[in-house]
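Structural features, examined
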Amino acid sequence: MAFTSDFLPRQLHAGARTPCLPCLGQPHALRVQGLSRRSEKSHPLLLEAAGCASGLHHRLRARGVLPGPHRLARARRASRPGYQDKARALPGQAGAGGRQGGATFGKASGRESRSVEMRVDAMAMPALVDLSGGHGSWPEPRLDAQEEPAPGSRSASERRQSRFLLNSVLYQEYSDVASARELRRQQREEEGPGDEAECAEEGPGPPRANLSPSSSFRAQRSARGSTFSLWQDIPDVRGSGVLATLSLRDCKLQEAKFELITSEASYIHSLSVAVGHFLGSTELSECLGVQDKQWLFSKLLEVKSTSERFLQDLEQRLEADILRFSVCDIVLHHCPAFRRVYLPYVTNQAYQERTYQRLLLENPKFPSILARLEESPVCQRLPLTSFLILPFQRITRLKMLVENILKRTAQGSEDEDMATKAFNALKELVQECNASVQSMKRTEELIHLSKKIHFEGKIFPLISQARWLVRHGELVELAPLPAAPPSKLKLSSKAVYLHLFNDCLLLSRRKELGKFAVFVHARMAELQVKDLSLKLQGIPGHVFLLQLLHGQHTKHQFLLRARTESEKQRWISAMCPSTPQEDREVISEGEDRPQVQCVRTYKALQPDELTLEKTDILAVRTRTSDGWLEGVRLADGEKGWVPQAYVEEISSLSARLRNLRENKRITTAASKLGEPV
């Protein structure tokens, strides 16, 4: 279903004349609508345009002489060449989509797609001539998509088109630009003392050239036509004089709110491509079974409908007061709806990935059909997987956007309380999504291991709802040979396999068919580890001593050697984990520890690793010489190991202190509301 929510009224404030689309260059509008000169005298659009300069068409409409806007929208659609053919060819699907202001969904030819793109781009240019003498206006919305209405949605005659959705770029492009911008900010030294702190500049000042927030998006391809990517670029904002009265922090606050709206439109644009181009492909549907299609696309349609309603409320709020609008209460209001669609979608991630890989290997038609779809300019030649992953990325980005708003909101204000509630609700949702995915993976892993692990002595109940695997792998057990003289120490080596869970450790020997025979096990509280690499002379490798205690006495001990330094350190860290309090101290404001930021997305491959998204900041706990580090993420306190190739050092002391201060601001605001931090 194409998003249909109006963005701004035609007259944003008193005294501003804002013309309709036909007024913004009548001859050009004729070409856009595909009309000939012969129809000038009879077409209602032209009759309306003829009287716009004097406001005549508004009076004629009020008297019933001119049709209303919805009848005009239908007239626009019906007047396009081939419209009826397209409507019959795509019943119940998006008839126009692609990128907003670009190509259409369906099987249009390249020439047809380019012609549509030219027409829509011509409509979409924000810098249009105002023949009524006004100072500029938003582009007129477009109603050209034939959609299947969602349950409970309003009728087509009552819906209004989003003006952001018309020209928004794909979310993948927005995300790349926003992440790059945030990476530069996190590395950059502050321009002056307290720029982001309480002593930030409060007095009014002249408009700046760039007042965007930390991760705001400025369109890179203006030649295609784009809506205003910055709040300060809106003509009505510039014309109001408010930019000269706002502080730098207040301007950044407004830009942070505005980015939340524009990025949501970009997100829906990409979802529309996923639904219309991939899910709506007849060829792809014919080669997929019902179950495979359900697993592959999951609740993507429901996610899209929920986001459309969210964007509609955001745009209505912006239209009500473009100079002093708020968004966090709307975010909080929609969080229950987010939970209903995002939680099952994210939880089904494992089935989605397996289905995709299985289809590539077992369905002979799927790879070729998918390759043709992915080569289309409609999806800008991006792979299907980049669209399927969007809900995972968006819910995390939405939390970051609200966090940016919270950082810039005046402390102690009602706005801070609302922003904190919205942030906490999104944070709880993200944590719940992660926990749901982890729970499913952990349960499957325990079931799989229970079939392979056998105990030589007392049977140990392995499957438990409160148990999960922390780390596993093979090490070398070293033991002195009894016949060797003390002056010439000789060691025997034997492979031993370790399965470390959150509550116990199993030591076993490998058997045939990938099975393991456990010869000793112990609780986590009974483990003691010592790093001996620098203390043992004549023993090469990365060695540590593992002791299994029984009361105050050592029951078993093993001299173990790892292949690399990082493997040894990861085992030591996993067997003797730091406490939550120690992790909080690492990211406290008074601690200037080394910091790194993620520059490439990393997906954890082992349970003790940390999945990272671009712009994540880690406080470093441990580094190894072979390219690994253990860190604590500032945003949520999660700890884990990551390859150093995926992160960059934050060298600026000022930037590191600012990152800690901003993190302290979030936790302080949450503690005031009695929320867990």
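These remarks concern the structure in this document. (Residues numbered from 1 in each chain as written. Predicted model: local features only at pLDDT ≥ 70, side-chain atom pairs only at ≥ 80, totals over all residues. Heavy atoms only, no water.)

1. Observations regarding the pairing of strand β11 (residues 628-633)
The buried count for β11 comes to six of six residues, which makes it a mostly enclosed element. Of the two faces of β11, the one holding W628, E630 and V632 and the one holding L629, G631 and R633 are both buried throughout. Bridge count between strand β10 (residues 617-623) and β11: five bridges; the pairing is antiparallel. From the neighbouring strand, T622 faces β11, where its bridge partner is E630. Sheet analysis places β11 next to strand β12 (residues 639-643), joined by five bridges and oriented antiparallel. Each residue of the ladder has a partner; that of E630, found in β12, is W641. Counting the residues between successive antiparallel strands, the hairpin from β11 to β12 contains five residues, one of them, G637, with a positive phi of roughly 75 degrees. (Buried < 20%, exposed > 50% of the residue type's maximum accessible area, 1.4 Å probe, protein only. Helix = DSSP H or I, 4+ residues; strand = E, 2+ residues; numbered from the N terminus. Pairing = 2+ DSSP bridges.)

2. Re the side chain of S281
Positionally, S281 belongs in the loop between α10 (248-279) and α11 (282-287). Polar side-chain contacts of S281 include one of 3.2 Å to the backbone nitrogen of L284. Ignoring any residue separated from it by four or fewer positions in sequence, one finds S281 in contact with G276 and L373. (Polar contact = N/O pair within 3.5 Å; in protein donor to acceptor, adjacent residues only side chain to side chain. Contact = heavy atoms within 4.5 Å.)

3. Remarks on the nonpolar core
Judged by nonpolar contacts, the single largest core of 79 residues is most densely connected at W231, L260, L296, F297 and F366. Counting residues per element, this core draws most heavily on α10, at 15 residues. Apart from residues no more than four positions distant in its own chain, L296 is found in contact with L288, Q352, T355, Y356, L359, F366, L384 and L388. Listed in part, the 22 residues of the second largest apolar core include V470, V496, L507 and L548. (Core = buried A, V, L, I, M, F, W, Y, C linked by side-chain atoms within 4.5 Å.)

4. Overview of helix α22 (residues 653-672)
Compared with an ideal rise of 1.5 Å per residue, which puts 20 residues at 28 Å, α22 spans 29 Å between its outermost C-alpha atoms and is within 8% of the ideal. Taken together, the buried positions of α22 are A655, R656, R658, N659, L660, E662, N663, R665, I666, A669 and A670. The elements touched by buried residues of α22 are α8 (171-187), α18 (390-408), α19 (414-450), β9 (595-598) and β10. (Expected span 1.5 Å × (residues − 1).)

5. Structural notes on unusual backbone geometry
Phi is positive for S298, close to 50 degrees, though the residue is something other than glycine. Mapped onto the secondary structure, S298 falls in the loop between α12 (290-297) and α13 (300-320). Phi is positive for T615, close to 85 degrees, though the residue is something other than glycine. With respect to the helices, strands and loops of the structure, T615 is situated in the loop between β9 and β10.

6. Focus on the packing of aromatic side chains
In this structure the tally under the stated criterion is eleven aromatic pairs. Aromatic pair F278 and F387: ring centres 5.6 Å apart, planes at 50 degrees, arrangement tilted. Placement of the pair is F278 in helix α10 and F387 in helix α17 (residues 384-388), with a sequence separation of 109 residues. Each of the two residues, F278 as well as F387, counts as buried. An aromatic cluster is built from Y171, Y174 and Y267, whose rings are joined through pairwise contacts. Between the NZ or CZ atom of R442 and the centre of the ring of W468, over which it lies, the distance is 4.2 Å. (Phe/Tyr/Trp six-rings, centres within 6.5 Å; stacked < 30°, edge-to-face > 60°. Lys NZ or Arg CZ within 6 Å of the ring centre and 35° of its normal.)

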